[in-house]
Amino acid sequence: MKPYASYKPSGVPWLGDVPVHWQVEKVKFQARLRGEKAVGTNGARYVGMEHVLSKVGKFNPVVDGTQEEAESTVNVFSKGDVLFGKLRPYLAKCVVADTDGVCSSEFLVLSPSDEVVPAYLNATMLMQEFIDAVDASTYGAKMPRADWGFIGQQRLPLPPPDEQQAIADYLDVETARIDTLIHEKDELIGLLKEARSGRISELISGDGLPGNATGDPWAPHLPEGWQFKRLKHLGQVRSGLAKGKDSGGSATVELPYLRVANVQEGRLDLREISTMPVEIDAVERFSLVEGDVLMNEGGDYDKVGRGAVWTGEISPCLHQNHVFAVRPVERDLSEWLSAITQTQYAKFYFMNNAKQSTNLASISQTTVNELPILLPPKAQRDALLGTLGAELAAFDDLIAHTHDEITLLKELRAATIADAVLGRIDVRTIPLACRDTP
């Protein structure tokens, strides 16, 4: 049952019917596109694409407020303007400016008319159906952008101003409630991952077991009956194939290969596999073998060295030079070596020995070869891996369940916005206390 007494067709398929007393107006009649430009920030607050969160209509608290110098041309905005990201509009970066300032030219600066409440316009422009329509109109393959000519022609619902304000107030409260729940779920995932990592280190490092000092700063404790080895004594560290390598006219074949993004911590992500040409004579040299332990040579500072076992999902499959392949002298060492890469001591070892560039870190083949390995007898090793597998499965189930809950909360958030701005609920009938109490 619809909450309003009567409705009318909006004339826009995805909007459906709207309350009969509402208008449906083109965006260009609801807001004016501002064209004021400046060169550099000149001390003004600067808003870049990274300063706005995706799909939630808020500034990013992690980076917002930082003072940046932009030497290129920027757009000028005033408090109350709506900033809509035209670059990759599927990211849905749209926010109401809470101060005066300047922003990246990738934002359209929209100044709402006197009859339009900025927060309401912002909410309508964040609707998934509107974002989908704008995204379908983009031009440019690598850097898709939307055009004001198209956006301005799109029609959006426009209630009377007092009703717009009531909807904006209602959404402030409701989305804040949902965002709080999402934040709590994110924190829970962080705690679960921390506990998961701690349990890996506890079992695989032999924490709490009696033993002796090794004299090694990264793995200082050696449990009784365990061996202290360097990785180079347990396997061969193999470098991968450089992408774009000149074949010198030799015959090549196009084959799939693994890159850094495919090698996650303790697992492989094979949803997107790239291919590259390789000389036929080099296929065997750079092909992975079931049981190889993959370890990342480069990436974010805290992620170098992360590894996983290759189990032959794709054959043949190469590995790029940014991914090392450790071929153990014995196949039954693979899972243990992969688990070692997930311990705190191994992570600290790689972080300390990584070379830091502007944006990324990298480790050398020598560093990988010298990784200290704590190796228990096979029977104990198998028992520890069995215990670890069962416990990690429980952690992973909890983490996956929490991710599912976050997905549902995000869907609820989007539905709440759509229901309010499309008149599917009448916020005026909701008691004020319910709207104003978090």
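Here is what the cut-offs are and how they apply
Residue positions are given per chain, counting from 1 as you read along its sequence in written order. Totals for whole chains, interfaces and linings use every residue, but because this is a predicted model, local features are given only for residues with pLDDT of at least 70 and side-chain atom pairs only at 80 or more, for both listing and counting. The side-chain values count all of the structure's non-hydrogen atoms but skip hydrogen atoms and water molecules. At least two bridges found by DSSP between two strands are what make those strands a pair. For the purposes of this entry, the term helix denotes a DSSP run of H or I that reaches at least four residues, the term strand denotes a run of E that reaches at least two, and both are numbered from the N terminus. Only the stretch in contact is used when a helix axis is fitted, and all axes are lines through C-alpha atoms; the angle between N-to-C directions ranges over 0 to 180 degrees. Between rings of Phe, Tyr and Trp, where Trp is taken as its six-membered ring, a pair exists when centres lie within 6.5 Å; planes separated by under 30 degrees are stacked, by over 60 edge-to-face, and by other angles tilted. In this scheme, a residue with accessible area under 20% of its type's maximum is buried, one over 50% is exposed, and one in between is partly exposed, where area comes from a 1.4 Å probe on protein chains only. Values of pLDDT, which run from 0 to 100, indicate the predictor's confidence residue by residue. Grouping buried Ala, Val, Leu, Ile, Met, Phe, Trp, Tyr and Cys residues that are joined through side-chain atoms within 4.5 Å yields what is termed a nonpolar core. Contacts are assigned to residue pairs that have any heavy atoms within 4.5 Å of one another. Note on definitions: the grid is 1 Å and covers protein atoms alone; a cavity is a set of points where a 1.4 Å probe fits but cannot get out; a pocket is an open set with protein on both sides within 12 Å along at least five of seven lines; lining residues have an atom within 4 Å of a point. Grid points are joined across faces, edges and corners, and a volume is the space filled by probe spheres set on the points. Classification used: nonpolar for Ala, Val, Leu, Ile, Met, Phe, Trp, Tyr, Cys and Pro, charged for Asp, Glu, Lys and Arg, polar for all others including Gly.

Caption draft 1: Region of the structure containing the sheet that holds strand β21 (residues 293-296). Reading across from one edge, β16-β25-β21-β23 is the order of the four strands in this open sheet, with antiparallel pairing throughout. Among the strands making up the open sheet, the edge pair consists of β16 (235-238) and β23 (307-309). Strand-to-strand twist in this sheet, taken as the mean axis angle between neighbours without regard to direction, amounts to 20°. Here four bridges tie β21 to strand β25 (residues 323-328), and the two strands are oriented antiparallel to one another. Across the sheet, the residue bridging to Val293 is Val326, located in β25.

Caption draft 2: Examining the packing of aromatic side chains more closely. Taken as a whole, this structure holds six aromatic pairs when the rule is applied. Ring geometry for Tyr4 versus Tyr7: centroids 6.0 Å apart, planes at 80°, classification edge-to-face. For Tyr4, a relative accessible area of 8% corresponds to the buried category. Plain terms: the ring middles of Trp218 and Tyr349 are 6.0 Å apart, the flat faces sit at 80° to each other, and that makes the pair edge-to-face. Taken together, the positions of Trp218 in the loop between β13 (211-213) and β14 (221-223) and Tyr349 in helix α8 (residues 344-353) put the pair 131 residues apart, joining distant regions of the chain. A relative accessible area of 24% places Trp218 in the partly exposed class.

Caption draft 3: Region of interest: the confidence of the model for the protein. Per-residue confidence for the protein gives a mean pLDDT of 91, with 95% of residues at or over 70. Mean pLDDT values over the elements of the protein span from 52, in helix α11 (residues 432-436), up to 98, in strand β11 (residues 107-112).

Caption draft 4: Geometry of the sheet that holds strand β26 (residues 355-356). Spatially, three strands are ordered β22-β27-β26 in an open sheet, and the strand pairing comes out antiparallel. Edge strands, defined here as strands with exactly one partner in the open sheet, are β22 (298-299) and β26. Pairing between β22 and strand β27 (residues 361-362): two bridges, direction antiparallel. Residue Gly298 lies in a different strand from β27, and its bridge partner there is Ser362.

Caption draft 5: Examining the nonpolar core more closely. Within the largest apolar cluster, 44 residues are counted, with the highest numbers of intra-cluster contacts made by Leu231, Trp336, Val368 and Leu371. Of all the secondary structure elements, the ones that give two or more residues to this core are α5 (161-204), β21, β25, α7 (334-340), α8, β28 (372-375) and α10 (378-421). Here the element with the most residues in this core is α10; it accounts for eight residues. Ignoring sequence-local partners within four residues, the contact set of Val368 consists of Leu231, Val237, Met295, Phe324, Val326, Phe350 and Ile363. Counting 41 residues, the second largest nonpolar core, distinct from the first, contains Val27, Ala92, Trp148 and Leu156.

Caption draft 6: Highlighting the layout of surface pockets. Estimates place the volume of the largest pocket at around 1100 Å³. If you go around the largest pocket, you meet 38 residues; those closest to its centre are Arg196, Glu265, Gly266, Arg267 and Gln342. Sorting the residues of the lining of the largest pocket by element identifies α5, β19 (267-268), β23, α7, α8 and α10 as the ones contributing at least two each. Tallying contributions element by element places α10 first for the lining of the largest pocket, with eight residues. Counted as a void, the second largest pocket has a volume near 690 Å³. Lining the second largest pocket are 21 residues, and of these Ser54, Lys55, Val56, Lys410 and Arg413 sit closest to its centre. Broken down by secondary-structure element, the contributors of at least two residues to the lining of the second largest pocket are α3 (128-135), α5 and α10. With five residues, the single largest contributor to the lining of the second largest pocket is α10. For the lining of the second largest pocket, the residue count by class is 10 nonpolar, four polar and seven charged.

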